[in-house]
Amino acid sequence: MRLSYSAISTFNQCPQKYKWQYIERIKAPTTPDLFLGWLVHLVLEYALQNAPAMPPVNKLLELYNLRWNPSIFKDSAIEKEYHQAGAEMIKSFHNAYAPGLSTVLNVEKFFEIRWKNHLIVGKIDRIDRLPSGEIEIIDYKTNRKLPSESDFKFDFQLPLYQWAAQTLWSNIDKAKLTLYFLRHGKKITPENIKTLPVLQGYILETVEKINTSDFLANPSPLCAWCEYSNKCPEGQSVSHNSTDSRDNQPANSSSLSLGVGDWRTKNGFPKDSLFRDLN
Ligand code: SF4
């Protein structure tokens, strides 16, 4: 089976969403959070494509504004709030960039792990080499809340990246794993992440569940961020006020990814075309 971290976590969040997204491949309008996450990731990829050099901040904001899509937001006040948040993240990222502290090796690095009869694929936002020689894997997060150490009890994304690093560089035992919370300008390296056998057990268990699933809906507070909520009666029954749900965005990193990478892939934009049209 071909799997990604997003596919695995989507199934465990809601089998019906997994079926619509990964089996039936039903297109759904993106959500403001997915759109903002995608666009900020795109701008940061552009920012580091010629690292250690970085374009001036106005160039980054130019790309941000060029790819901004107002039609995603239901009113101009919400649009303004999201636009400002994204611009602040980009400015703060630009401000904090210090090339002397590490060397950027890759951005948006694709990986695939062949294991048993499965192909596990994914993309790592950024890979740096630290002055010590250690590899640092950086995952950008655009969430409002910072996670606590206990949130990582439920996280399988970082152990997957650890496994990916060992696949990409057979000579390394361990990489430094960093979550970069862009709204807060804060990098977090969790102390305890799940071991490889635990991750592999989780993947096998999920595959087994997928193979025998009825793909029923599993409504939860996360429906507030689901692209399919408009076509899903179960999701609509989970009452939420849009402002409150934005403020209550979950902090645990398993919920943070929420498929930004998949939205990017699903829409199939050639990268060159996204960077084109800049003055
Ligand atoms: S709205 Fe909720 S229940 Fe419906 S598909 Fe999405 S996550 Fe599942």
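Here, every reference points to the structure presented above.
Residues numbered from 1 in each chain as written. Predicted model: local features only at pLDDT ≥ 70, side-chain atom pairs only at ≥ 80, totals over all residues.

Brief notes about the environment of L168
Now for step 1: Looking at where L168 falls in the secondary structure, it is placed in helix 6 (residues 157-168).
Now for step 2: For the pair L168 and F111, spaced 57 residues apart in sequence, the C-alpha separation works out to 7.3 Å. (Helix = DSSP H or I, 4+ residues; strand = E, 2+ residues; numbered from the N terminus.)

Details of the site of the ligand
Now for step 1: Taken together, 14 residues lie near the ligand, and C14, C223, C226, C232 and G235 sit nearest.
Now for step 2: Counting residues per element, the ones that place at least two in the shell around the ligand are helix 2 (15-23) and helix 8 (233-236). (Near = placed C-beta within 6 Å.)

Here's the deal with unusual backbone geometry
Now for step 1: Along the chain, A51 connects to P52 via a cis peptide bond; the corresponding omega equals 10°.
Now for step 2: With respect to the helices and strands, the residue P52 is situated in the loop between helix 3 (32-47) and helix 4 (57-66).
Now for step 3: The backbone of K116 shows a phi angle near 50°, a positive value even though the residue is not glycine.
Now for step 4: One can find K116 in the loop between strand 2 (103-115) and strand 3 (118-129).
Now for step 5: Phi is positive for F215, close to 55°, though the residue is something other than glycine.

Comments concerning the packing of helix 1 (residues 5-13) against helix 2
Now for step 1: Between helix 1 and helix 2, the shortest axis-to-axis distance is 5 Å and the interhelical angle comes to 140°. It follows from the interaxial angle that helix 1 and helix 2 lie oblique. Of the residues in helix 2, those touching helix 1 at A7, T10, F11 and Q13 are P15, K17, Y18, Q21 and Y22.
Now for step 2: A class-by-class count of the residues in the contact of helix 1 with helix 2 yields 5 nonpolar, 3 polar and 1 charged. (Axes fitted to C-alpha atoms, helices over the stretch in contact; angles between N-to-C directions. Parallel < 35°, antiparallel > 145°, perpendicular 65-115°, else oblique. Contact = placed C-beta atoms within 7 Å. Nonpolar A, V, L, I, M, F, W, Y, C, P; charged D, E, K, R; others polar.)

Brief notes about the pairing of strand 5 (residues 176-181)
Now for step 1: Here strand 5 shows a clear split, with L177, L179 and F181 buried on one side and none of K176, T178 and Y180 buried on the other.
Now for step 2: Judged from the 6 bridges that link them, strand 4 (residues 135-141) and strand 5 form a sheet pairing that is parallel. Counted as the bridge partner of K141 is F181 from strand 5.
Now for step 3: Handedness of the β-α-β unit built from strand 4, helix 6 and strand 5 comes out right-handed.
Now for step 4: Hairpin connection between strand 5 and strand 6 (residues 186-188): a loop of 4 residues separates the two successive antiparallel strands, and G185 in this loop has a positive phi of roughly 60°. (Buried ≥ 20, exposed ≤ 12 C-beta atoms within 10 Å, placed from the backbone. Pairing = 2+ DSSP bridges. Right-handed = clockwise from strand over helix to strand, strands pointing away.)

Side note on the nonpolar core
Now for step 1: Ranked by size, the top nonpolar core spans 47 residues in total, and within it V40, V43, I137 and Y161 carry the most contacts.
Now for step 2: The element that contributes the greatest number of residues to this core is helix 3, accounting for 10 residues.
Now for step 3: Apart from the residues within four sequence positions on either side, V40 is in contact with G86, M89, I90, T142 and L182. (Core = buried A, V, L, I, M, F, W, Y, C linked by C-beta atoms within 7 Å.)

What to know about the packing of helix 3 against helix 4
Now for step 1: The contact between helix 3 and helix 4 brings their axes to 10 Å, and the two run at 145°. As for how helix 3 packs across helix 4, the hand of that crossing is right-handed. Every residue of helix 4 that contacts helix 3 at L39, V43, Y46 and A47 is listed here: L60, L63 and Y64.
Now for step 2: For the contact of helix 3 with helix 4, the per-class residue count stands at 7 nonpolar, no polar and no charged. (Left-handed = near helix turned anticlockwise from the far one by under 90°.)

Considerations on helix 1
Now for step 1: Burial analysis of helix 1 places 8 of its 9 residues in the buried class, which makes it a mostly covered element.
Now for step 2: Listing the buried residues of helix 1 in full gives Y5, S6, A7, I8, S9, T10, F11 and Q13.

Functional significance is not addressed by these values, which are geometric in nature.
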